[in-house]
Amino acid sequence: MDIVRIEKSFGRFDELLALIRSSFAYMDGVIDPPSSAHRLTSDALMQKTKDEIAFVAIDGDHLLGCVFCKPETSSLYVGKLAVSAKAQGKGVGRALLAKAEDIASGLGLAALRLETRIELTGNHQRFSAWGFAKTAENSHPGYDRITSIEMTKRLG
């Protein structure tokens, strides 16, 4: 497996979109509001790779996963961490997060930060096992209840 930065020559945005949507599909009917993955398009992903730092995990010709990273003041925001169903449990997510840690360290940032939905307790446990701790609770616009939690992993 290789972790490769997505450059402007990357020609597989339709496949990347399908990977994200399929790996987030288990959330349908579980989380409210629905995942922002439903609003993504191939063109939006192409723009996202220009605005953020994005990587894919590839084995041969198969896309196994992806992660999008956005530098903030003191942390690197990790979003759209997705792993294909056939690659889950094989270290792909951990490898993508390790790449994000390398990027954060290279930028002099002290932490990784992510958000996960309140309903996805399995994700909370997985991220905790990977060194993340809950740092905040948030609500999406228009909601009067907690809809997501923020988790941070201190580096160094």
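The rules behind these values
Residues numbered from 1 in each chain as written. Predicted model: local features only at pLDDT ≥ 70, side-chain atom pairs only at ≥ 80, totals over all residues. Heavy atoms only, no water. Helix = DSSP H or I, 4+ residues; strand = E, 2+ residues; numbered from the N terminus. Buried < 20%, exposed > 50% of the residue type's maximum accessible area, 1.4 Å probe, protein only. Polar contact = N/O pair within 3.5 Å; in protein donor to acceptor, adjacent residues only side chain to side chain. Contact = heavy atoms within 4.5 Å. Lys, Arg positive; Asp, Glu negative; His and termini not counted. Salt bridge = Lys/Arg side-chain N within 4 Å of Asp/Glu carboxyl O.

**With respect to the side chain of Ser-35**
Tracing the sequence through the fold places Ser-35 in the loop between helix H1 (13–24) and helix H2 (42–51). Owing to a relative accessible area of 7%, Ser-35 belongs among the buried residues under this scheme. There is a polar contact of 3.0 Å between the side chain of Ser-35 and the backbone nitrogen of Ala-37. Residues in contact with Ser-35, not counting those within four places in the same chain, are Phe-24, Met-27 and Arg-117.

**A few points about the environment of Gly-142**
Relative to the helices and strands, Gly-142 is located in the loop between strand S6 (133–138) and strand S7 (148–154). Given a relative accessible area of 85%, Gly-142 falls into the exposed group. Along the primary structure Gly-142 and Asn-123 are separated by 19 residues, whereas in three dimensions their C-alpha atoms are 24 Å apart.

**Details of the side chain of Lys-80**
Topologically, Lys-80 is positioned in strand S4 (residues 75–83). It turns out Lys-80 is buried and unbridged, and the closest side chain with the opposite charge, Glu-52, is 8.8 Å from it. In this structure the side chain of Lys-80 is engaged in a polar contact, spanning 2.7 Å, whose partner is the side chain of Ser-36. Among all residues touching Lys-80, those that are not within four sequence positions of it are Ile-20, Phe-24, Ser-36, Ala-37, Leu-40, Lys-48, Cys-66, Val-67 and Phe-68.

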